[in-house]
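Spelled out from the first residue to the last, the chains are:
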Amino acid sequence: MVSYWGGIKKANGSGVAEFEFDIPQFSGELRLMAVSYKGQSFGAADNTMTVADPIVVSTALPRFLSPGDTVNVPVTLTNTTDKVFQCYCNYCGGRSDESNRWQQSIRKSCCKK
């Protein structure tokens, strides 16, 4: 949960008030809310803002593994921008005590869905 109180801000002649704030390490949607007043008149508005890193890496690892278990680990790269990006991934497999370890690299262009 992210919460911030900006205090009272004075609006300019066009009715616009500006403020800046730091968002902690967070990924998700924020709800922005504003309350205004002038004399005996009051108003309120709200809107949402999405906060995310430009490229989000998601994995789905099992909670528990036992010695000797094997697992396929899906990795999802999500582009949260409107720009195409090039990603280069190196991954390897096999057990550390095996001589048949392998490594592979991929290169992919990704666009926002």
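Residues numbered from 1 in each chain as written. Predicted model: local features only at pLDDT ≥ 70, side-chain atom pairs only at ≥ 80, totals over all residues. Heavy atoms only, no water.

**Brief notes about the overall build of the protein chain**
Quick reminder of the rule: Counting from the N terminus, the helices are DSSP H or I runs at least four residues long and the strands are E runs at least two residues long. Three labels apply to residues, based on accessible area from a 1.4 Å probe with only protein chains included: buried if under 20% of the type maximum, exposed if over 50%, partly exposed otherwise in between. In what follows, a contact means two residues having at least one pair of non-hydrogen atoms within 4.5 Å. Computed with the Shrake-Rupley method and a 1.4 Å probe, the accessible areas treat only the protein chains shown as cover for residues.
Scanning the protein chain from N- to C-terminus turns up zero helices and six strands. Reading the protein chain from its N terminus to its C terminus gives the helix and strand order β-β-β-β-β-β. Looking at the 113 residues of the protein chain, the share that counts as buried comes to 6%. Pairs at least 24 apart in sequence give 26% of the contacts found in the protein chain among residues at least 6 apart. In the form shown here, the protein chain has an accessible surface area of approximately 10,600 Å², with 51% of it arising from carbon and sulfur atoms.

**As for the packing of aromatic side chains**
The test is simple: For Phe, Tyr and Trp, rings pair up if their centres lie within 6.5 Å, where Trp contributes its six-membered ring, and each pair is then called stacked (planes under 30 degrees apart), edge-to-face (over 60) or tilted (otherwise).
One pass over the structure, following the stated rule, counts four aromatic pairs. Judged by centre distance (5.1 Å) and plane angle (20°), the rings of Y4 and F21 are stacked. Here the residue Y4 occupies a position in the segment before strand 1 (28-38), and F21 occupies one in the segment before strand 1, the gap between them amounting to 17 residues. Judged by relative accessible area, Y4 falls into the partly exposed class, the value being 45%. Measuring from centroid to centroid gives 6.3 Å for Y37 and F42, while their planes differ by 35°, and the two rings are tilted. Judged by its relative accessible area of 64%, F42 is exposed.

**A word on the pairing of strand 2 (residues 41-51)**
As a reminder, the rule being used: Paired strands, as defined in this entry, are two strands with at least two bridges between them according to DSSP.
In terms of strand pairing, strand 1 meets strand 2 through 11 bridges, oriented antiparallel. From the neighbouring strand, S36 faces strand 2, where its bridge partner is G43. Hairpin connection of strand 1 to strand 2: two residues between the antiparallel strands, including G39 at a positive phi of 65°.

**Section: the environment of S36**
Tracing the backbone through its elements, the reader meets S36 in strand 1. The exposure class assigned to S36 is partly exposed, which follows from its relative accessible area of 44%. The contact partners of S36, leaving out residues within four places of it in the chain, are S41, F42 and G43.

Take it as geometry only, folks, not as evidence of what the structure does.
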